Each structure stands twice: as C-alpha cells, then as structure tokens.
Amino acid sequence: MSTAAVAGQDQLATPVAPREHYLNVDYGVKSWLFTTDHKRIALLYLASITLFFFLGGFFAVLIRLELMTPPGDLVQSETYNKLFTLHGLIMIFFFLIPSIPAVLGNFLVPMMIGARDLAFPRLNLLSWYIYMLGGLFTLFVAVFGGVDTGWTFYTPYSTTYANSNVMLTAVGVFITGFSSILTGLNFVVTIHTMRAPGLTWFRLPLFLWAHYATSLILILGTPVLAITIVLVALERGLRIGIFDPALGGDPVLFQHLFWFYSHPAVYIMILPAMGVISELVTCFSRKRIFGYGFIASASVAIAILGFLVWGHHMFVSSQSVYAGLVFSILSFLVAIPSAIKVFNWTATLYKGSVSYQTPMLYAFGFIGLFTTGGLTGLFLASLGLDVHVHDTYFVVAHFHYIMVGGAIMGYLGGLHFWWPKMTGRMYPEGWARLAALVIFIGFNLTFFPQFLLGYLGMPRRYHMYPPEFQILNVMSSAGASILGVGYLVPMVYFVWSLRYGAVASANPWQAKGLEWQTSSPPPTENFARTPIVREEAYAYSPLGVKVV
Amino acid sequence: MGSEFSLLPEQASTIAAHVDALYYFLISVSLFFAALIFFLVIYFAAKYRRRSENEQPPPIHEDLRLELVWTLIPLGLAMVMFAWGANLYFRLSRPPADAMDLYVVGKQWMWKVQHPEGQREINELHVPVGQPIKLTMTSEDVIHSFFIPAFRIKMDVVPGRYTTTWFEATKTGEFHLFCTEYCGTRHSQMIGRVVVMAPVQYEQWLRNGNGAPGPSGEAPEVAGARLFQEQRCATCHGANLGGVVLGPALDGLLGRPVKLQNGETVIADESYIRESILNPTAKITAGYQSLMPTYQGQINEEGLFHLIAYIRSLTKTGEKAAETRAEQ
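Quick summary incoming for the structure in this document.

Calculation notes
Residues numbered from 1 in each chain as written. Chains lettered and ligands numbered in written order. Predicted model: local features only at pLDDT ≥ 70, side-chain atom pairs only at ≥ 80, totals over all residues. Helix = DSSP H or I, 4+ residues; strand = E, 2+ residues; numbered from the N terminus. Rg over C-alpha atoms; globule rule 2.2 N^0.38 Å. Buried ≥ 20, exposed ≤ 12 C-beta atoms within 10 Å, placed from the backbone. Contact = placed C-beta atoms within 7 Å. Axes fitted to C-alpha atoms, helices over the stretch in contact; angles between N-to-C directions. Parallel < 35°, antiparallel > 145°, perpendicular 65-115°, else oblique. Left-handed = near helix turned anticlockwise from the far one by under 90°. Nonpolar A, V, L, I, M, F, W, Y, C, P; charged D, E, K, R; others polar. Pairing = 2+ DSSP bridges.

Section: the overall build of chain A
Moving on, step 1. From N to C terminus, chain A includes 17 helices and 0 strands.
Moving on, step 2. Against the 2.2 N^0.38 benchmark of 24 Å for 548 residues, chain A shows a C-alpha radius of gyration of 23 Å, consistent with a compact globule.
Moving on, step 3. The dimensions of chain A, computed from C-alpha atoms along their principal axes, are 75 × 45 × 45 Å.
Moving on, step 4. Across the 548 residues in chain A, those meeting the buried criterion constitute 61%.
Moving on, step 5. Within chain A, contacts between residues separated by at least 24 positions form 84% of all contacts whose residues are at least 6 apart in sequence.

Quick look at the structure:
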C-alpha cells in the first residue's frame, strides 16, 4: 500500500531532469568519437543503423515500384538485381544484425546488471569503428557500380560469372563481421563477471538471457562467414578452385558454409527481439513473466539448435535425401522453443494489469506477426512442401514476417520503451500509437499477399513476371507505401521529442529492472551506488508480502 | 477452367494433389494456433486491462502442466508434419522405373531439352500426358533451378553434377517453367513453356519436328555412338566386345553395382559415368589400372548426355540379349 502511494506521488510530481547526465557531460565532437561510454556508443550505433535502415528501405521502395507492373519498365534487369542485393546486404548486415544488440544491448546490458560499463569499453568503441569501416565499403559499392550476387553470394555465380563489385562487398561484410564478434565477446564477459551483488543467473532479465544466447551465436558463427568470404575471394581473385566445378570445386559446398552462419544469423536477429518482448509484456501487464525458466532455456536451445538446421535452405540443392530428412526434423525441433515463448508471453497477460502504451502495442504486433512467421516456417521445414515453395515469394514473405514483423517490431517497441531512459524525454504517445498501427497494417498488406504469390509459383528475385501475378504484387506495393510512411513518422517525432518532448521521470512505466532505478538520462557512471538485488526479475506482484 | 483469380496454381501432375493436401493440413494447424494465440492475447488484453493505477495482479507465473501441454502437443503435430513431408519428398526423389528419360541443360539464360528420339527444344518442354518423365539435368555455367509450379516440382540444376526430378502430367495444356535460383542479369527471363499433349499428338509432334531439331535430328544414342567413335573410346572399352583388358566393359553397365579398386561398391548411374569421363581417376574399377586421360573440356554437357544415352542403349541391347539367352 505504502509503495503504491509513493509510486503514485512520483507520477504526479513533474519530473525534473538530473543536472548532470551522460549526454551533457561534454558536447564536443571528440567527446562522441572517442567516447568509451557504452551509452554514447549505443547512440552512435543508433544514428548509423538508422541511416542504413533508410538506405535499405529506399532500395525496397524502388523494388516495390518496379514490381507494380509485370514487365521491367522502371529499371533494367541489371539494376533491379543490384537493388535487391543491396537491400538484403544492408538490411541484414548493417541494420538487423546490429540493431537490437548494438543499440539497446549496448545501452542496457551494463545497466540491467548494475554495472558501470561493459567489460571492455575500448573494444566496444572499436566495434563501432569496424562497423563503420565495413559500412563505408558497402556505401562505396552502392554508389559506384553496385553488386548483383544477391546477399547470398551463391557460387559459382559470385566467384566466376558476376561482373559487379563482389570483392569490395565481400571485404565490407568481412570487416563488419568483426564488430559483431567484439560485441558478442563483450556481452558474454560482462554478463559473466560484472553482475551486481545478488543478481544470480536466474534473476537476470530475459533480455539478458536473449543477448547472452545471441552473443554465443555471434562469436561462434561469424568466423565461419569470414572464412567463407575469404574462400570466395581466393577463388574469384586467384582462381583457386574451391567452389567452381570448372576449377575442380564444389558449388554446393559454398551453400553449406554460407548457411552454417546465415541460418544462425536469423536467430541473431530474432532472439534479441524476443528478449525485448519479455521486458515489454511484463512491464505493461505488471506481472512476473510466466515460465521464466522455460523462456530462458528456450533462448539457449534456439541458439544451439539453430546451428544444426542450415541444410533446410538446401532441400532442392542436390544434397542427399537423407541429409534432407535430418535437417527437416531438426528444423521442426527448433520451432518448439519459439512456440514455448509465444505461449508463455500470452499466459503472462492472464490476470495481469494490461495497459496499451505504444511499446505494448508493438509487443502485441510482434506476437501476432512472429506467430504467423513462425507457423509459415513449418511449411518450409516440410520437405515435400518446401520443394514447391522453395525460392518463391512464400519464402520472402516468411522471412519478412520474422525479420521485419518480428525483429523490427521488437526493436521499435524497445526503442519506445527505453527512449525516456536514453534521452530523458517522452515521445508523443498519440502519434506513436498511430504509427504503430500504421506499421502493423502496412506490414500485413505488404507481405501477406506474398505468401499467396509464392504458392502460386512466383519465384523470388524476378525483375519481370507473368501478368496473372499482378494483382497481388500491386497489393503488396500499396502496403509498402503505407509501411514506408509508418516508419517515417517515428523518425520525425523521435527527433522532435529530443527538444520538445515531456521530461521523463526516472521510471515513467513503473517498471522493475535496475535500469529504471537510476535517473533518466543516467549519469555517466550509471549508478551512484552499486545496486544490490534482492528479488527475482519482474517482481511486479508483491510475492513475499502476500505469503506472510 | 475459367481464367478467374485463383489462390492455388493448377494441379497438373500426379503429385500436385498430394502436395496441396499437406498444404491444407498445415494451413489448418496454423490457422488453429494463430486463432488461439490472437484470441487469447486480445481477450486477456481486454479483460485484464488496467482499470486503476494501483492494481496489484496476483502472482501467477508458473505451471508445469501447462508448459508440458504447450510443448508436447506442438511437438507431436510437428512430427506428423515431418513424416508427411518426408514421405512426399521420397516420392519426389524416386522416379518410377518406366519413366521416359529427358535431358535438360541450363545455361545463362535458357533451358535446353533433349528428347530420347532426338528432338531438341529451347525454353519449351513437350511431354505426353500420363507418362512419367524423368529429367536428368545439369548446368553449363552457374546454378539454376528447374521449377514447374503446376506440377509442384523443383530441382536445382548444378554445374558439375547431375540432378534428377520427375513428374507425370495429368492434364493437357500449357504451364509455366521458371528458373528459381538467381543466375544473373536475365534470371527472370529464364522461363519457358511446358506443353502437355495427348500421347498421339506427342508422337506426331516428334515426327513433325515442331521443336527445334538438332543439327542432324539424330537420336541421342546415335550421336553418342558417333562421339564414342570420334573420341576412340572403343580402343579400350571395346563397345560390344564384352570388355577387353584395358578398360571395363560398358554394355549393361548403367544402373549396375561396380566394385572399385578401394573395395567400395557404387551404382553406375549417370553421375558415375559423367565423373568417369571427366575425372577418370576418381573411382577406378577393381581389376583395372588408372590409364584413362580426362576428357574435361573436350566433351560438353550435351555430348556427355549423348554418351550416356549410348551406354544406356548398350544396356538395353545387353538386357535383350540376356533375355533371349534365357528364353533359349
């Protein structure tokens, strides 16, 4: 009763920004470019990935414009192929993979464990510079000539036949991989060694379990991508036969190596979003998470099983029928931990105190879209059915439901949730709810028709298509225009809020979690005193009090 | 069959209805779970919406039975999907024994098809209805993928190896053929037309040569026999001599098990013969020495298909000879 009264008072009083915090300690350019503060590095990442997001989105707009009509009338085939290649490359390597870990993770991992910074602050800054260097290569490629291999670099096309900037692109992706590895290492060491007193493993917020699992994938998977890229470069540059059968190589070997990283990479994108959703669902239903242990172990199970399912990208690649069987059954198994998470989030709402602020709207959106994306994944894991839908728009729809419907909804939900903590300002709630709704509607209109297109047989990466596919393509393009507007609105009001937004209190959502126990925005050292943890994560219900 | 807007491609092969049945099953299961989740989320969100700022929800946060239920039921359903899909996959991977052999070569950006009677066509595939067709495919450059939506079949066409797929068309008509593995600039124009005809019309089409007949219009085994002579393969493999000392005999070889020098036994299928021509030292038949030079770069993919057709014809005559011997 007394705690509730205090919370109520806290809300009534007009919040005042702390006199000194990490944003106003210094304003110089140097203070940003040479910062080792994880919070400032998170903002550096935020600015950079936002740039890449809108660049990748711009390419998507051109793709959807071209596909309004069956013949190729807006751009030439060569240009179209470069557009979808750059869209994929930029969105995956320069937006989705760093999005939640490098922005929200960077900001929150130390704060959630009550630490002053990450274990290796200078490596953290280095990871941003590496990311930017890789990004510059990619920007250079995008501006001068482009690349047309698809983000998948399939051999022998990429090594022998493509006439575009394969090498420069490969160098860019190779370099950027190291920023992933550094971030992953930093998180693992930080979570192992720097937890506040009392913060045991099973008291960790699920956001941290998700980031721990993600970091394991980043560390173990990314080097394989780097090796694969080196092999591609050796074949393309020095004609050493590895993948091209004309040189004595095996083109399917490339697919094994590539997907050994790139399938787990899907989990790099979705696991952190799942972590965000666990934070949002608990806060906005004022409940402890249902099945904490199951959700935490599901993250680890996904990280491990995710390494064993790469062959489901190769059911029609001429890989052996028996390999197909093994990869199919493992793919079904990896679906189970995801299902467990969805059921537990849903159960968390039961008898909760549910409010509909913007972050929660994104969480609802995530659950709906991720469920759809996950269920359609079962279609692709079914061998005999995958033969038909493989490499069609069905696959395009499926992975956009996971990566855009799932990962980006999670990212935006998290960005709204922690925006007051990161900037000390509230975003405008009405506009934000409207944008969330517009994004949800635009997303479904864009990508649901693509499931139907895929089953009808429209192949992906097609510049031109038979006229009977036009209706669904027009619907998809119409949806994309709505989705595009939906993404621009938050961009505008987030920037607006930096100056005009209401000043945020330390804990505007009355959330649990250590990051809410310090001021908004936090001081450079995060906490005036190292916090001591005495309760489980998400202790929204007064558990101990009730029993006594 | 109107041209009305449809959500399913036409079902025009024996396998299509089976694939669609699995599709419907998956849609049903997905709709059930999606509806369940959507309903519960909306229902809970509405029923338990925050009515006052000071609400204290009850501490409900675990139930092992529930966790088991929503782990084991999806697991069971997933295993049904797995078994169903795997069963279909096996059917797709095993062409019937009486299938007609067609050869397909993919190259940037066209499909070349070789019929057993010598007919050749580009970006078109004429087949008789009701006859299983086995396609043996390879690529001259990058990876392509052979996709006929109405038949629900797809198989990558990979340089340096043979891949196979099969179908049996169930209705006459014209259907799309797409390349579904991104293969460069004109990938979306690497498309074609599958024409399914009544058997009589197919015979007529073969005779009239409506397609694009080859240089001599000769049957692939005839072209193969010519190539066999030109390359002087007979010096060692002595076509119909039943095998001489230098190289193993080729009649009756296709489809038979072959014992190798290293003790392994392999089936002498098309890929084995292809490899033995291009990379003869990879698998050496037991009892022979590694004498054969490579023919990499000297015989193109179509030539290889012709040689295989020729060796297959030896198999057939070999079988006939064996049969007549058995009858006598």
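Notes on helix α4 (residues 220-230) of chain B
Moving on, step 1. Of all the positions in α4 of chain B, only Pro-220, Glu-221, Ala-223, Gly-224, Ala-225 and Phe-228 of chain B are classed as buried.
Moving on, step 2. In the stretch just after α4 of chain B, Arg-232 of chain B is the one whose phi turns positive, near 55 degrees.

Structural notes on the packing of helix α3 (residues 38-66) of chain A against helix α5 (residues 121-143) of chain A
Residue and element names in this part refer to chain A.
Moving on, step 1. Following both chains from N to C, one finds α3 and α5 inclined at 15 degrees, their axes separated by 10 Å at the closest point. By the angle between their directions, the pair α3 and α5 is classed as roughly parallel. In this structure, α3 crosses over α5, and the sense of that crossing is left-handed. Contacts between α3 and α5 involve His-38, Ile-41, Leu-44, Tyr-45, Ser-48 and Phe-52 from the first element and Pro-121, Asn-124, Leu-125, Trp-128, Tyr-131, Met-132 and Gly-135 from the second.
Moving on, step 2. Grouping the constituent residues of the contact of α3 with α5 by class yields 9 nonpolar, 4 polar and no charged.

Details of the interface of chain B and chain A
Moving on, step 1. On the chain A side, the residues contacting the 76 residues of chain B number 78 residues.
Moving on, step 2. Mapped onto the side of chain B that touches chain A, the elements with two or more residues apiece are α1 (16-47), α2 (64-93), β6 (144-148), β7 (153-157) and β9 (173-179) of chain B.
Moving on, step 3. Here the side of chain B that touches chain A gets 18 residues from one element, more than from any other, and that element is α2 of chain B.
Moving on, step 4. For the side of chain B that touches chain A, a count of residues per class yields 46 nonpolar, 17 polar and 13 charged.

Regarding the environment of Leu-22 of chain B
Moving on, step 1. Turning to its location among the elements, Leu-22 of chain B is positioned in helix α1.
Moving on, step 2. On the basis of neighbour counts, which here come to 20 C-beta atoms within 10 Å, the residue Leu-22 of chain B falls in the buried class.
Moving on, step 3. Expressed as a C-alpha distance, the spacing of Leu-22 of chain B and Pro-149 of chain B, which sit 127 residues apart in the sequence, is 16 Å.
Moving on, step 4. When neighbours within four sequence positions are excluded, Leu-22 of chain B is seen to be in contact with Ser-382, Gly-384 and Leu-385 of chain A together with Trp-84, Gly-85 and Leu-88 of chain B.

Concerning the packing of helix α14 (residues 393-423) of chain A against helix α15 (residues 429-456) of chain A
Residue and element names in this part refer to chain A.
Moving on, step 1. Their axes nearest at 7 Å, the elements α14 and α15 cross at an angle of 165 degrees. By the angle class used here, α14 and α15 are roughly antiparallel. In this structure, α14 crosses over α15, and the sense of that crossing is left-handed. When α14 is examined against α15, the residues Tyr-393, Phe-394, Val-395, Val-396, Ala-397, His-400, Tyr-401, Val-404, Gly-405 and His-416 are found in contact with a partner set consisting of Ala-432, Phe-443, Phe-447, Gln-450, Phe-451, Leu-453, Gly-454 and Tyr-455.
Moving on, step 2. The class makeup of the residues in the contact of α14 with α15 is 13 nonpolar, 5 polar and no charged.

Examining the sheet that holds strand β10 (residues 192-197) of chain B
Residues and elements named next belong to chain B.
Moving on, step 1. Spatial ordering of the open sheet is given by β4-β10-β9-β6-β7, a layout of 5 strands whose pairing is mixed. Bordering the open sheet on either side are β4 (124-128) and β7, each of which pairs with just one other strand. Across this sheet, the average inter-strand angle for adjacent strands is 20 degrees, counted without regard to direction.
Moving on, step 2. As paired strands, β6 and β7 are joined by 5 bridges and run antiparallel to one another. Among the inter-strand pairings, Ser-145 is bridged to a residue of β7, identified as Asp-156.
Moving on, step 3. Sitting on the sheet, helix α3 (residues 199-208) is in contact with β4 and β10, with an inclination near 130 degrees to β4.

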